[in-house]
Amino acid sequence: MYPRLLKIDLNSSQSAFLFGPRGTGKTFWLKQHLLQATFIDLLRTDTFIRLLSNPSCLETILPPHPTQWVVIDEVQKVPALLNEVHRLIEQWVH
């Protein structure tokens, strides 16, 4: 067993990316530590197709002003989502 080196301030209001090789437990760690988070899983075919065809509908999936973490698992599969995430963060901050 190896100790994790990951240190994320779970009380922070900043956004973060979690990078790492496949199969190292990123999703598992997030689900164990962010129990109240909204999880959007792009490995689900229906979610992937919906957001690929219309990234702006991300806003309709999320609560109006999330007070808990939002996790978009496998976000690299739909790069246009990063523009929507950026727009929503800016909208909610201001």
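Scroll up to find the structure this text is about.
Below: a short report on this structure. All of these numbers come straight from a predicted model, not from anything done at the bench. (Residues numbered from 1 in each chain as written. Predicted model: local features only at pLDDT ≥ 70, side-chain atom pairs only at ≥ 80, totals over all residues. Heavy atoms only, no water.)

1. Observations concerning the nonpolar core
Reasoning step 1: With 11 residues, the main nonpolar core is built from Ile 40, Leu 42, Leu 51, Cys 57, Leu 58, Leu 62, Ile 72, Val 75, Val 78, Leu 81 and Leu 88.
Reasoning step 2: Residues within four places of Leu 62 in sequence aside, it is in contact with Thr 38, Ile 40, Val 70, Leu 88 and Trp 92. (Core = buried A, V, L, I, M, F, W, Y, C linked by side-chain atoms within 4.5 Å. Buried < 20%, exposed > 50% of the residue type's maximum accessible area, 1.4 Å probe, protein only. Contact = heavy atoms within 4.5 Å.)

2. Some words on the packing of aromatic side chains
Describing an aromatic ring pair means giving the distance of the ring centres and the angle of the ring planes.
Reasoning step 1: Applying the stated criterion across every chain yields a total of one aromatic pair.
Reasoning step 2: Ring geometry for Phe 17 versus Phe 19: centroids 5.6 Å apart, planes at 15 degrees, classification stacked. Like Phe 17, the residue Phe 19 is exposed in the burial classification.
Reasoning step 3: Just above the ring of Phe 39 sits the side chain of Lys 31; from NZ or CZ to the centre is 5.6 Å. (Phe/Tyr/Trp six-rings, centres within 6.5 Å; stacked < 30°, edge-to-face > 60°. Lys NZ or Arg CZ within 6 Å of the ring centre and 35° of its normal.)

3. A closer look at the pattern of salt bridges
Reasoning step 1: Going through the model one piece at a time under the given rule, you end up with three salt bridges.
Reasoning step 2: Between Arg 87 and Glu 59 there is a salt bridge, and its shortest N-O distance comes to 2.9 Å. Here Arg 87 is found in helix α4 (residues 81-93), whereas its partner Glu 59 is found in helix α3 (residues 58-61), with 28 residues between them in sequence.
Reasoning step 3: Among the residues examined, Arg 87 registers a relative accessible area of 33% and is labelled partly exposed.
Reasoning step 4: Owing to a relative accessible area of 34%, Glu 59 belongs among the partly exposed residues under this scheme.
Reasoning step 5: With its nearest N and O atoms 2.9 Å apart, the salt bridge here joins Glu 84 to Arg 87. (Salt bridge = Lys/Arg side-chain N within 4 Å of Asp/Glu carboxyl O. Helix = DSSP H or I, 4+ residues; strand = E, 2+ residues; numbered from the N terminus.)

4. Structural notes on the environment of Gln 32
Reasoning step 1: With respect to the helices and strands, the residue Gln 32 is situated in helix α1 (residues 26-33).
Reasoning step 2: Residue class for Gln 32 comes out partly exposed when judged on its relative accessible area of 45%.
Reasoning step 3: In this structure, the C-alpha to C-alpha distance between Gln 32 and Asp 9, residues 23 residues apart in sequence, is 14 Å.

Geometry only, nothing functional implied.
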